[in-house]
Structure formats: C-alpha cells, structure tokens
Amino acid sequence: MEEPAGGGAEPWAEGLRNSNNNASPGGWPGARGGHPLAPFGGPGAEPSYLGRVVLEIVESERTYTRDLRSIVEGYLGKIIDAEEPVLRPEQVSALFGNIEDIYELSSTLLQNLESCASDPVAVAVCFVTRSQEFAIYTQYCNNYPSSVAALAECMRSKPQARFLRECQERLRHALPLGAYLLKPVQRILKYHLLLQEIAKHFEHKSGDDYEVVLEAIDTMTCVAWYINDMKRKHEHAIRQQEIQSLLLGWKGPDLTSYGELVLEGTFRVQRVRHERAVFLFDKTLLITKRRGDHYVYKSHIP
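No experiment lies behind these values; they were computed from the predicted model shown.

## With respect to unusual backbone geometry
Phase 1: Even without being a glycine, Ser118 presents a positive backbone phi close to 60°.
Phase 2: Topologically, Ser118 is positioned in the loop between helix H3 (99-114) and helix H4 (120-129).
Phase 3: For Ser118, a relative accessible area of 33% puts it in the partly exposed group.
Phase 4: At Arg172, a residue that is not glycine, the phi angle is positive and equals roughly 60°.
Phase 5: Its place among the elements puts Arg172 in the loop between helix H6 (158-171) and helix H7 (177-181).

Shown next as structure tokens:
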C-alpha cells in the first residue's frame, strides 16, 4: 500500500490545496451562490457523463456498504452468536479490527449520497462535511497486516477454516473473507479518484460550485495521504522493533530514541569480506554485519 492513488507515483501530491475540514454540516445547499442547480435532464432523459459519474459514486458506495454488512453480519455476527467459541477473542479483534465502525460510517454516507438527487455539488459536500470521520480508516489500515496474519492462522486450523468456508457458502460469496477484508483499504484510497472525475467533467471550471468539488477532492486526497503516511510509519515502527530484537552487541539505548527508521540497505566496505547492513534513523546511522537472522553491531554515526 505504497501509493494512495492508483498507478503512478503519487500524482495527487502535486498542487495539493488547503482544504477546510471544519465545514458546517446540515442539509445539502443547492449552490454557495444561492442559485438552484441545473438538473441532469428531464424524466427519461439520458444522463450526462457527469451524471453517470455521480451515479457510479452512489452505486459503488451501495455495493461497498452491502459488502461491509456481509462481513459484520455474515462473519463477525455468526462468530459472536456461535454456541461454542470458534475463534479466540484476540483472533476476532485482530481479524476484524474496527470494521463495525467502518460499516456505520459507510451506511450513513450512503444515506447522504442517496439524498443528493444526482447533484455533484451535494455529493462533494457529503465528503467535506464528514472529513474528520474518515480518520477511523487509519486504525483499520494499520491493523490490516494483523488481520492478514490472523486469517492465515485461522486457515491453518481445520475447525476455524471450515467455519469460515461455511459462512462464505451461506453468503454465496464467490471470494473468501480475505478479499472482503481488503475492501475498506481499497475504498478509502479511491474516493479522491472518483471525485476527480466529477471535477474533470464539471461544466464550469470556476465559481462556488466548482470550488466545493475541489475542496472535496483535497479533503479526500489528504485523508488518503495521511492514511498512507500513518501506514508507512506503523510498518517502520514494527521493523524498528524487529531490528532491536535481532541486534547483537549493542550497548546503546533503545533504538526508538533515535527517531523513525528512514532507510535500510547493504553496502560493501573495502578490504572487508562481508557486506554491512546499515539502518538510517532520524538521529543516527547504524552499521551492522549480518549473522544468520541477526545483526552484529559494528559502529554507528550520530
């Protein structure tokens, strides 16, 4: 999960705007200037491309919410209601994380989107007014590696694997649970791309209405950027703990005192047979030698 945007190297990071995350919720204004928004044609009319983009956002959110419901009710609910414990409590916590909170947020967002009557500006307002609430995805994304590990452990247990397969069959899912647990990670990193499609096909590239759409893009881009950054820091912190546990001959303080792990790699030193494994932290460069699965301390440069 290196890039919030699909394909390319973080194209959304260029020209990032300053978004107002404290916009006041309540109702969907027709437009900031007070004039009514033009409809997408009369009854029976073929929707415009912009109308189809808005419809795609609503329909994909409806599908996503249905998938979340199947996880919460079809898997988690069945585990909780089982007469005999199927999974240990710590397995359940690791496997599902805060999926119930994600489902609640998506359900509310879907209700808001369905009330927009295909109005692209009202759709944009839905994301601006709920910008702070999307922070719950950070917890889910940070927990996702633990979820993958917990699922792998369950699949090694015949009773647990059989139970999860029975849940899948009952739900008539073509894909197993793991594919559904990935969906929140994929969805939160896609919102800004969907909103960019609205801006791309917006008729008037100026005015208050267009500014609302740009604000929604900036809001969800910042959410994706923040989640991606927190995910990276979380992974680096885990790696830092791993290095500490594998380090031999180190007499200094805990490695966390040197700040975040920035880079790691290997290089060759003249007149030395073995490569050196180096770890660059915020405050020091640690130089070690590999010995099996361990690292032998050789030197460090503040």
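## Points about the sheet that holds strand S5 (residues 294-301)
Phase 1: The strand order across the open sheet built from five strands is S1-S5-S4-S3-S2, with neighbouring strands paired in mixed fashion. A strand with exactly one partner marks an edge of an open sheet, and here the two such strands are strand S1 (247-248) and strand S2 (261-267).
Phase 2: As paired strands, strand S4 (residues 285-291) and S5 are joined by seven bridges and run antiparallel to one another. Bridge pairing in S5 links Leu285 to Ile301.

## Looking at the confidence of the model for the chain
Phase 1: Taken as a whole, the chain shows an average pLDDT of 84; of its residues, 84% reach a score of 70 or greater.
Phase 2: At the low end of the mean pLDDT range in the chain sits helix H10 (residues 207-246), at 89; at the high end sits H3, at 97.
Phase 3: Confidence over residues 1-42 falls short of pLDDT 50; this stretch has 80 contacts with residues more than four positions distant or in other chains.

## Description of the nonpolar core
In globular proteins that are soluble, nonpolar side chains generally tend to be buried together.
Phase 1: Ranked by internal contacts, the top residues of the largest apolar core, which has 66 residues, are Phe96, Phe127, Phe134, Ile188 and Ile198.
Phase 2: Of all the elements, helix H1 (residues 49-81) adds the most residues to this core, at twelve residues.
Phase 3: Ile243, Leu247, Trp250 and Leu286 belong to the second-largest nonpolar core, a separate cluster that totals twelve residues.

## A word on the packing of aromatic side chains
Phase 1: This structure, assessed with the given rule, holds eight aromatic pairs.
Phase 2: Plain terms: the ring middles of Trp250 and Tyr258 are 6.2 Å apart, the flat faces sit at 65° to each other, and that makes the pair edge-to-face.
Phase 3: With relative accessibility at 15%, the residue Tyr258 sits in the buried group.
Phase 4: Consider the rings of Trp250 and Tyr297, whose centres lie 5.1 Å apart with planes at 70°: the pair is edge-to-face. Of the two residues, Trp250 is situated in the loop between S1 and S2 and Tyr297 in strand S5; the sequence distance between them amounts to 47 residues.
Phase 5: Residue class for Tyr297 comes out partly exposed when judged on its relative accessible area of 23%.

About the cut-offs
- Sequence positions are assigned chain by chain, starting from 1 and proceeding in written order.
- Predicted model: local features are reported for residues with pLDDT of at least 70 only, side-chain atom pairs are reported and counted for 80 or more only, and whole-chain, interface and lining totals are derived from all residues.
- With hydrogens and water set aside, each side-chain value is computed from the structure's full complement of heavy atoms.
- Helix and strand labels come from DSSP, where a helix needs a run of H or I of at least four residues and a strand needs a run of E of at least two; each type is numbered from the N terminus.
- Relative accessibility under 20% of the residue-type maximum defines a buried residue, over 50% an exposed one, and the middle range a partly exposed one, all with a 1.4 Å probe and only protein chains included.
- A pair of strands is treated as paired once DSSP finds two or more bridges between them.
- Summary of the metric used: pLDDT quantifies the predictor's per-residue confidence within the range 0 to 100.
- By definition, residues are in contact when any of their heavy atoms lie within 4.5 Å.
- Only buried residues count toward a nonpolar core, which is a set of Ala, Val, Leu, Ile, Met, Phe, Trp, Tyr and Cys residues joined through side-chain atoms within 4.5 Å.
- Here a pair means two rings of Phe, Tyr or Trp (six-membered ring of Trp) with centres within 6.5 Å. Their orientation is stacked below 30 degrees between planes, edge-to-face above 60, and tilted elsewhere.

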